[in-house]
Structure formats: structure tokens, C-alpha cells
Amino acid sequence: MDDPIPPHNVHSISINLPTWQSAVEYAHDINTHSNVAADTDVFKHGYPRSKLHPLVWKLCRVLQEKYAKEGESCLCFPSYNVAKRCREYIRFKSHSSVKIRILQLATAKPNSPEEKMWRKECKIAVVFVKQEYYPIMMGYWQLSGEIISSRAAEYVLHELFVLGAAGNAKKPADNSLNDKEFNFTFTSRARKLIKKRITNNFIDLNEESEAENYHFHETNSDPNMTVTYLDSETASSSAATNQGNHGTTNDHLSDWDLEFRDGEGFDERDANNADGLVNSHMVNSLIPPEPIDMGQDDDEAQGNIDILTPTHIRTQSMNSIQEEQPNSLVNPETDVFLFPSGMASLFTTLRLLLQFDLRRVNRTRNNGGASTGEATGNDTNGAPANLLEPSSSSPIPNSTRTNSNSSGDSNASSQNPYKKTVMFGLPYSDTLKMLRTFNNTYFLPSGENEAMVQLKRILHSGEQILAVFIETPSNPLLKMGNILELKELSDMFGFYIVLDESIGSFVNIDGLQHADIVCSSLTKLFGGETGTMAGSLILNPRSKLYSFAQEFLNELGEYEDNLWAKDILVLERDSREYVSRTMKTNFSTDQLLDNVIVPQVGKVFKRVYHPRFTSKVTKDNYELVKCSKDSGYGNMFSVTFFSQEAATAFYDALELYKGPSLGSTLSTACPYTILHYGKDAKDLEEAVKFGLDPTLVRVSIGCESRKTLFAVFQHAIDHALALSSTPSVDK
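Summarised in this report is the structure supplied together with it.

Quick notes on the rules
- Within each chain, residue numbers correspond to sequence positions counted from 1 in written order.
- Under the rules for a predicted model, residues below a pLDDT of 70 receive no local features and side-chain atom pairs below 80 are neither given nor counted, while totals for whole chains, interfaces and linings still include all residues.
- Hydrogens and water are ignored here; the side-chain numbers use all heavy atoms of the structure.
- A helix here means a DSSP run of H or I that spans at least four residues, while a strand means a run of E at least two residues long, and both kinds are numbered starting from the N terminus.
- Type-normalised accessible area, obtained with a 1.4 Å probe on protein chains alone, sets the label of each residue: buried when under 20%, exposed when over 50%, and partly exposed for intermediate values.
- Residues count as neighbours in contact if any of their non-hydrogen atoms are within 4.5 Å of one another.
- Surface exposure here means Shrake-Rupley accessible area, sampled with a 1.4 Å probe, where a residue is shielded only by the protein chains that are shown.
- Strands are labelled as partners when DSSP assigns at least two bridges between them.
- A cavity here means a set of 1 Å grid points, computed over protein atoms only, where a 1.4 Å probe fits but cannot escape. A pocket is an open set with protein on both sides within 12 Å along at least 5 of 7 lines, and lining residues have an atom within 4 Å of a point.
- Grid points are joined across faces, edges and corners, and a volume is the space filled by probe spheres set on the points.
- Here the nonpolar group is Ala, Val, Leu, Ile, Met, Phe, Trp, Tyr, Cys and Pro; Asp, Glu, Lys and Arg are the charged ones; every other residue, Gly included, is treated as polar.
- Stacked, tilted and edge-to-face are the three classes assigned to paired rings of Phe, Tyr and Trp, where Trp is represented by its six-membered ring and a pair needs centres within 6.5 Å; plane angles under 30 degrees give stacked, over 60 edge-to-face, the rest tilted.
- The criterion for a charge sitting over a ring is simple: Lys NZ or Arg CZ within 6 Å of the ring centre, and within 35 degrees of the ring normal.
- Fitting a line to C-alpha atoms yields each axis, with helices limited to the stretch in contact; the angle taken between N-to-C directions then spans 0 to 180 degrees.
- Orientation categories follow fixed angle ranges, with anything under 35 degrees roughly parallel, anything over 145 roughly antiparallel, 65 to 115 roughly perpendicular, and all other angles oblique.
- What makes a crossing left-handed is the near helix being turned counterclockwise from the far one by less than a right angle; a clockwise turn instead makes it right-handed.
- A carboxyl oxygen of Asp or Glu within 4 Å of a side-chain nitrogen of Lys or Arg is what we treat as a salt bridge.
- In these notes, a set of buried Ala, Val, Leu, Ile, Met, Phe, Trp, Tyr and Cys residues joined through side-chain atoms within 4.5 Å is what counts as a nonpolar core.

1. Regarding the overall build of the chain
The secondary structure content of the chain amounts to 24 helices and 17 strands. Per-residue burial for the chain yields a buried fraction of 62% across its 731 residues. Excluding contacts between residues fewer than 6 apart, the proportion of contacts in the chain whose partners are at least 24 apart in sequence is 75%. A total of about 28,100 Å² of accessible surface is found on the chain, and carbon and sulfur atoms cover 48% of it.

Take a look at the structure:
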């Protein structure tokens, strides 16, 4: 218990919770951590948005000891603008003008071309506030996702408080700091490659030979494929699993990966032209050349869409409109934005939408009237005028937005001219909290036909809504709304659609053509096993929101590239096998469900949630936006039980890593409802009301062999069956 996942990795982003009871304890510990700025937690590790990573915690403690005044706590953020948003959030939530200090710090810039390889300026902003406001500050960290990573914290600690204290500006002789094992001059190229992978039409298995589908073979011995813990141990080593005896995982690369050939020099101008350098074999870095030609002609892109081509994402589905609108394809450089977490991409999307709506309200006021469905008059509890401008970096354009509405009935306040957002389906818990915190939001939890009926009722009432947020599919119930019908309603009633493809993934789901913005967490399968917090936002160039979105993100400067350089380099390296990982886990999940899990429905399991099994409605809706017949249904499923005892027996006997994160190359499981809602009886009651069973176990399948997975799950099923078949003892 409390081992990081994967173990022996200082930058792990999850924690092992081997028993049901340990998950209960972790949920309560997270609640304590969010309310107390003291090192009194039972658990030292956790998911970085919910629980500060030990390195981030250490940096905050060092800064607090050095710069805090008496009675102050502090938290680090990746930029001054983020810190200002946090400051405004604290004041808004506390209904006070509490004094909040922001300290800006920066590490040294490189002084020579050689230093550019291992030194890079890293800026942070530290918010200091009275300890009583720490829970609010931590709430902003969790819901905005605008965080600093463990790698950034490690770098700042080393540069400011190790080298700085020693007065040493030279590269250390030892390799104690992982950053020295990466070539920072390739950060720009790594960022470009990540964006290309997000926006490329990756694969069509119809054109692949059986031999090329190596990742489906049980006998696969390709050294480039991850060998996971389960494949190296027997299915009965439960104790070893709980102790986390996985091989060491770190960020080190060999010197060969970093050196330049023929003694060629390298400077920042070369980094911007790294493609040419690599192709001419002048350098050899950790970033390989890729067979992706971003300059390919549109005619070539349209010609053979059924083969493995370097066309942009959604090319097949958008092929029919290319001749009329040649600029409709996504440009990775201008239409894709990277963030320090998936939640940060969603939060930025909401800020963008709220600013767009604010302009509408201001135009209405200036014109002295209101359009259909809009109210006039003064706002109640209005925020100060300076909060209404983008330059203030306020997270909330107006305080009247935050009266949450969780029903499907339209009862808009006549005093509030701002449009509401809609959460379609039961999402990941923090997504709903974020929407409810920063805007007036309708919550339609069913996520299928009932939610569509509720949405139509709202729209036909005359109320205008701002946007619909929807997960494709939802986490953890794997439900799917009808995206095509949602798009028709959007065109008819003028709202915007935001898809979260974190669970479905870019390889399986083709939703951008029906949406205005697509967000995703890159911490899942995209990032692999190492553990890198990151997220992405993709703009649809055909959207009516596109021009304003580009203005907001670029011209108004509301987008900042706050993903630390080393995280970019690690993410690039770990995402190279994203497609093969996704295809393998798709197939393994289907096989596990068909052969082991589904046959036990009615015996061990009360219900199985997966796009193929949640309901016929979900399956049909999923297939409407499925990339192709060869893409899959994802690597995640959830199961519920007839009793708490059976759920506990199954979970405790399941010889997998168990923790709050999901989607890596390692199979993981967690008691989702307990982890996210179990710390408070009221929250748990609400979760049950909206369809979450307290016994629900969410499972994410990794890259282990199917034979191993079958044995592991059958072992846990046998334990649950043995419990139910044990005769009761008469008293």
C-alpha cells in the first residue's frame, strides 16, 4: 500500500491501493490533504491533481520556509497568469478581499549553446495566502488542472536551491538529476511530433498483413513492446503484486541518445530545423524522424484514404468536403494546444466559452436590448468590472454564473443574462465539479435517450444554452450519447459541443467533425507507463467558434504553453507506440470480456459497463462515430456486484495494480465510486442517485498477454464465487 505505480519511478502519478479498505482510507486522506497544508497525510503518493506529488510538496515547503509570512501557506503554479486566476478564485469563493501575495521565480537561462542542451529557464509563480484559505487554493489546483509537474518541481529545486546555494552555474559532474539526461534543444521538435500524433489518421488494419499485426500475437517478443509486471510473474503472486515488484522505471537515456555526430555544434536555430538535421544524419537525439509529411498535397491526401497515409485526423470522415473547403483539415501547429493536464484543457475551453458569452452580453447591453431567450437588467452579486476582461485572468467572468442547476428543467433566472452550460451524461467527477463551480450548469446524468429528451425540453422552452460537454464514452459507466443528433440540435439552436475523448481515444473515436472542440487527457494510453501529466485541446476549423477561439488563445494571450520541457520530451518518447498499444488493448479487452467477464454476469457480476455491453443505445451511438470497423471500443470497463462482500473479495483478490489513475500499459483497477464519492455520505448518496453503484470496480486493461489477464481475472472471480457459495453457519 502507498507504493507508486509504476514502482521505483520518482515521477509516478498513481498509487497502489491493494485492498478495498485501503481505497476507503485513501479517499478520506485526500479529503484531509485538500483541507490542511501540513505534512500529516497517511499516504505520501496519489494522483497529482488531487494530492501534491512529493516533489511538488517539497518545493512548496522549501518556498514556505524561505518566503512565507507567519500564518501563510503557499502553492506553486506554472505562470503568473495562472497564479492571478487562483487569486481571483480565492477571493470569489471566500467572498472577501483577502490579501494574497504572488512571488515570481525563474531558473537561470542557458549561457552557451552547450548549456542549452541541459539548461532551460523555468518560471513559476507562488501564491501565498493565510492558512485558512488553503482549501480554496487547493480546490483551484484540482479543478483547473493548471498545475506544475513533478519534473518541473524537481528542476526548480535543483537549479534554485542546490546549484543556487552552491553558486555553481556549471553542469554537475554526476547524473543525479534526470533532466541532465535529456536534450532540451529538441523540445520544439518533440512538441510538433506529439501534435502530429494527436491529429493524424493513424491506421487502417485492412491494408496490414497478419505479420505486421505483431502486437496481437501471444508470442510477440518485440523488444520495443513493453514487458509488463504481470507477464513476468505467475498469476498467484498476490503478495508480490501488492508490494509492486515491477522493474525500475526512470527517465534516463544513454549518452548515445544525446550526443551529436561528427562534433557538429548546435544552437537554438538548429532546434527549429531539427527535421532537416535528423534527415541529413547530422544529429542523433531521443526523437527519431517519422514518416509524416505535413506538406503533403490535398490531392494526395484524398487519393487513397484506405491505406496508411500521413493525412490529418478525420480525413476519411471529412473527405467529402475537402474540395469545397480545402482548409477544413486540422493543422497540428495552429489548431492543437497542449496543457499540463487534461483538466486544464477542459478548464481553458470553459474560460473560452464564458468569454465568448460575455462579449454577447456586452453587445446586448450596448445595444440596449436582448435577443430571444436573453434577459436584461443588472446582474445580482455582480463581480467587479475588472474581472470581466480577459487581461484580468479571472477564471469566472461573473459571479452570477455559479448557481448550479442539476435538473433537466429550465428555470433560468430573469436576472441572469448569461447562458448555462450542459453536462450530458455522468462524467468523471472533477469535470462535473469544475463546470458547476465556474458556471451555471444543467446536469443530465442518464447520458442516453433520457438525457436527450431533457436537453430538447430545455431548448424548446426558449432558453438558449452556451455549450454541451460530453464524454465519449463516459467515465466510468461507459455510456454514449448520440453525437450526430447532438450536432443537429447544435446547428438548430446555436450552442457549441465540447467532446472529451480521454476514454475513447483518438484512434477509436472520430468526433471532431461533429464538435467544436475536442479535449483529451494524454496521461492515459497516449503517455504509456512512465507517467506524464498532460492534456490536449483540438479546434475544429469548420466551427463557428473557430475564429474567436484562435483570437482568445493566441491574440489575447490566454493560452500559455505550461507543459514543462522535460515532460514534453518524455511524452514524445512514450507516445511513439500509442497506436499499437491502443489496438492491442482494444483487442485484449474484448477477449477478456467475451471469455471471462460477461459469462459471469448474473453469478458474480450484477452488470458490466462497456460500449459493447452498457446498452444497445450506447453501442449504436458509439458506432456512429467509431473511426473505422478496425478501430475498437477502448480498454476500459466497469463491473458491479450483488453485495459489498463480493465486491471486496473480487477486488482484494485481483492481482493487478490498483489505484486512481487509468489507461497506462499496466492493467489497473479501482473501486471508483468509493474513491471519488466515498469520503462524504452526502456525496455517496448523490452518486447512487445518478447511477453509480457503491460496489462498482473500474478496470483499465494494459499490454499484458491475454493468457495472463484471463488467469488473473478468473482467480479473482473464483474468490468471489467461493464467498457466495460458502454455507451460512446457524447461530
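2. Regarding the sheet that holds strand β14 (residues 636–641)
Strand pairing in a sheet takes place through backbone hydrogen bonds and is either antiparallel or parallel in direction. Pairing in this open sheet of five strands is mixed, and the strands run β13-β14-β17-β16-β15 from one edge to the other. Every other strand in the sheet has two partners, leaving β13 (605–609) and β15 (657–658) as the edge strands with one partner each.

3. Quick look at empty space enclosed by the protein
This structure, assessed with the given rule, holds ten cavities of 30 Å³ or more. Here the largest cavity defines a volume of roughly 170 Å³. Together, 21 residues line the largest cavity, and Ser502, Ile503, Ser505, Lys524 and Leu525 are the ones closest to its centre. When residues of the lining of the largest cavity are traced back to their parent elements, those giving at least two are β11 (517–521) and α19 (578–597). Each residue belonging to the lining of the largest cavity can be placed in one class, and the counts come to seven nonpolar, twelve polar and two charged.

4. Here's the deal with the packing of aromatic side chains
Evaluated as defined, the whole model comprises 23 aromatic pairs. When the centroid spacing of 5.9 Å and the interplanar angle of 90° are considered together, the rings of Tyr140 and Phe347 count as edge-to-face. With Tyr140 in helix α4 (residues 134–144) and Phe347 in helix α13 (residues 342–367), this residue pair connects regions lying 207 residues apart in the sequence. Relative accessible area serves as the criterion here: at 0%, Tyr140 is assigned to the buried category. Arg61 extends its terminal NZ or CZ atom over the ring of Trp57, reaching a point 4.4 Å from the ring centre.

5. Re unusual backbone geometry
Cis geometry marks the peptide bond from Thr472 to Pro473, where omega comes out at -10°. With respect to the helices and strands, Pro473 occurs in the loop between β9 (465–471) and α16 (483–493). The peptide bond linking Asn475 to Pro476 adopts the cis configuration, its omega dihedral lying at 20°. By the secondary structure assignment, Pro476 is in the loop between β9 and α16. The backbone of His95 shows a phi angle near 55°, a positive value even though the residue is not glycine. By the secondary structure assignment, His95 is in the loop between α3 (80–94) and β4 (101–106).

6. Points about the pairing of strand β6 (residues 336–339)
Alternating positions in β6 separate into two faces, Val336 and Leu338 on one and Phe337 and Phe339 on the other, with burial throughout. Taken together, the four bridges between β6 and strand β12 (residues 535–539) define a ladder with antiparallel strand orientation. Each residue of the ladder has a partner; that of Phe339, found in β12, is Gly535.

7. Considerations on the packing of α13 against helix α17 (residues 546–555)
Two elements in contact, α13 and α17, have axes whose closest approach is 10 Å; the angle formed by their N-to-C orientations is 110°. The orientation of α13 with respect to α17, classified from their angle, is roughly perpendicular. Classified by chirality, the crossing of α17 by α13 is right-handed. For the pair α13 and α17, the contacting residues are Thr348, Arg351, Leu352, Gln355, Phe356 and Arg359 in the first and Phe548, Ala549, Glu551, Phe552 and Leu553 in the second. The class makeup of the residues in the contact of α13 with α17 is six nonpolar, two polar and three charged.

8. Concerning the pairing of β11
Where a strand is regular, its side chains alternate between the two sheet faces. Counting buried residues along β11, five of its five residues qualify, which places the element largely inside the surrounding structure. A two-sided burial pattern is seen for β11, the buried positions comprising Ile517, Cys519 and Ser521 on one face and Val518 and Ser520 on the other. Note: strand β10 (residues 496–500) against β11, three bridges, orientation parallel. Within the sheet, the bridge partner assigned to Leu499 lies in β11 and is Val518.

9. Points about the pattern of salt bridges
A full pass over the atoms with the stated rule returns 23 salt bridges. When the shortest N-O distance is used, the salt bridge between Glu115 and Arg119 registers 3.7 Å. Here Glu115 falls in the buried class, since its relative accessible area comes to 10%. Through salt bridges with shared partners, a single network forms among Arg49, Asp430 and Lys433.

10. Some details on the nonpolar core
Side chains that are nonpolar tend, in soluble globular proteins, to be buried together. Counting 175 residues, the largest nonpolar core has Ile90, Leu455, Ile597 and Phe713 as the members making the most contacts within it. Per-element tally for this core: the top contributor is α13, with eight residues. Not counting chain neighbours up to four residues away, the residues in contact with Leu455 comprise Val422, Phe424, Leu444, Ile465, Val468, Leu486 and Leu489.

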